[in-house]
Amino acid sequence: MPSQHAQQALSHLRDPSDFQWYVIPLLVIVLYIYHDQLGRKNYSVVFAGLALWGMDWFNETWNSLIFHFTEYAPAWAAPGDTAYLILIGLNIEICFMFAILGIVTTVMLPAKETKVLGIPNRWFFAVFFSALAVFIEYMLNYVGALTWDYSWWNRSAPWLIFLFGYFPFFVVAYWVHDMKCIKRQAAAVGAILTFDAICLITFGSLGWI
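Note that this is a predicted model, so its numbers are computed, not measured.

**Here we look at the overall build of the protein**
- Along its length, the protein carries seven helices and four strands.
- The order of helices and strands in the protein, counted from the N terminus, is α-α-α-β-β-α-β-β-α-α-α.
- Whereas a compact globule of 209 residues would reach a radius of gyration of roughly 17 Å, the protein reaches 17 Å, a difference of no more than 12%.
- Across its three principal directions, the C-alpha atoms of the protein cover 50 × 35 × 30 Å.
- Within the protein, counting contacts between residues at least 6 apart in sequence, those at least 24 apart form 69% of the total.
- As presented, the protein carries roughly 11000 Å² of accessible surface, and 71% of it is formed by carbon and sulfur atoms.

What follows is the structure in structure tokens.
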């Protein structure tokens, strides 16, 4: 039996009648940000942004699979108002946010050799932004926009949200950003997005997500 939150999310899942016009300017903003970075030839930043976005798609896929196999709830659900609910825990607004989060948190990076409080800055910022993201999730959960139904994924267990929900996103984004060769960056991002696409197509065709 699905949880109340899961049922609420399912009632909106991929329902085109939820469409709102603000999706269009949000899309334009995302496209502008990527175009701006490409115009500046900040290709490493663009690849970092796409890498983080791809990592979120992976997380959203296994989150949906948790609901499929438990038939109770995903680790997190997005049952609130949205212009389009893509997966049970991923709406179009979240998707656009993650599409630019990697860019926003990468353009802030200092030179690789710079340390912050004696810590290599990539690790420092990966921890900092992951902790900040967990705090924001707490706020979203407080207002009911993002819901949790399991004792191992809630406010009393922030370490799992930190370690699996966000930390790998920033580690991979910064790893891709610091690659010396554009071909390697493209290959890494291509592998991430291809794997995501295979999972989405496969599990989607099976009706699992």
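Additional details are given in the paragraphs that follow.
**Side note on the packing of aromatic side chains**
- In the structure shown here, the tally under the stated rule is 23 aromatic pairs.
- Pairing Phe 124 with Phe 128 gives two aromatic rings, centres 6.4 Å apart and planes at 5 degrees, and the pair type is stacked. Linking Phe 124 with Phe 128, this pair stays in helix α5 (residues 121-142), spanning four residues, or about one helical turn.
- The interplanar angle of 45 degrees and the centroid separation of 6.3 Å between the aromatic rings of Phe 170 and Tyr 174 together place this pair among those described as tilted. Of this pair, Phe 170 and Tyr 174 both sit in helix α6 (residues 158-177), separated by four residues, roughly a single helical turn.
- Overall, the relative accessible area of 1% leaves Phe 170 in the buried class.
- An aromatic cluster of at least three residues, connected via ring pairs, comprises Trp 62, Tyr 72, Trp 76, Tyr 150, Trp 152 and Trp 153.

**Some details on the packing of helix α3 (residues 43-70) against helix α7 (residues 182-205)**
- Following both chains from N to C, one finds α3 and α7 inclined at 25 degrees, their axes separated by 9 Å at the closest point. One element, α3, and the other, α7, form an angle in the roughly parallel class. Classified by chirality, the crossing of α7 by α3 is left-handed. Contacts between α3 and α7 involve Tyr 43, Ser 44, Phe 47, Leu 50, Ala 51, Trp 53, Gly 54, Met 55, Trp 57, Phe 58, Thr 61 and Leu 65 from the first element and Ile 182, Gln 185, Ala 186, Val 189, Ile 192, Leu 193, Phe 195, Asp 196, Cys 199, Leu 200 and Phe 203 from the second.
- Its residues assigned to classes, the contact of α3 with α7 comprises 18 nonpolar, four polar and one charged.

**Things to note about the pattern of salt bridges**
- By the definition in use, this model includes two salt bridges.
- As a salt-bridge pair, Arg 40 and Asp 36 come within 2.9 Å of each other at their nearest N and O atoms.
- Its relative accessible area of 55% is what places Arg 40 among the exposed residues.
- Note on Asp 36: relative accessible area 22%, which makes it partly exposed.

**Quick word on helix α2 (residues 23-39)**
- Compared with an ideal rise of 1.5 Å per residue, which puts 17 residues at 24 Å, α2 spans 24 Å between its outermost C-alpha atoms and is within 8% of the ideal.
- Val 23, Val 30, Tyr 34 and Gln 37 are the residues of α2 that are buried. One side of α2 carries all its buried residues, which in axial view fall inside an arc of 65 degrees. Along α2, the residues that are exposed and aim more than 90 degrees away from the buried face are Tyr 32, His 35 and Gly 39.

Rules used throughout
- Residues numbered from 1 in each chain as written.
- Predicted model: local features only at pLDDT ≥ 70, side-chain atom pairs only at ≥ 80, totals over all residues.
- Heavy atoms only, no water.
- Helix = DSSP H or I, 4+ residues; strand = E, 2+ residues; numbered from the N terminus.
- Rg over C-alpha atoms; globule rule 2.2 N^0.38 Å.
- Contact = heavy atoms within 4.5 Å.
- Areas by Shrake-Rupley, 256 points an atom, 1.4 Å probe, with all protein chains shown as cover.
- Phe/Tyr/Trp six-rings, centres within 6.5 Å; stacked < 30°, edge-to-face > 60°.
- Buried < 20%, exposed > 50% of the residue type's maximum accessible area, 1.4 Å probe, protein only.
- Axes fitted to C-alpha atoms, helices over the stretch in contact; angles between N-to-C directions.
- Parallel < 35°, antiparallel > 145°, perpendicular 65-115°, else oblique.
- Left-handed = near helix turned anticlockwise from the far one by under 90°.
- Nonpolar A, V, L, I, M, F, W, Y, C, P; charged D, E, K, R; others polar.
- Salt bridge = Lys/Arg side-chain N within 4 Å of Asp/Glu carboxyl O.
- Expected span 1.5 Å × (residues − 1).
- Arc of directions from axis to C-beta.

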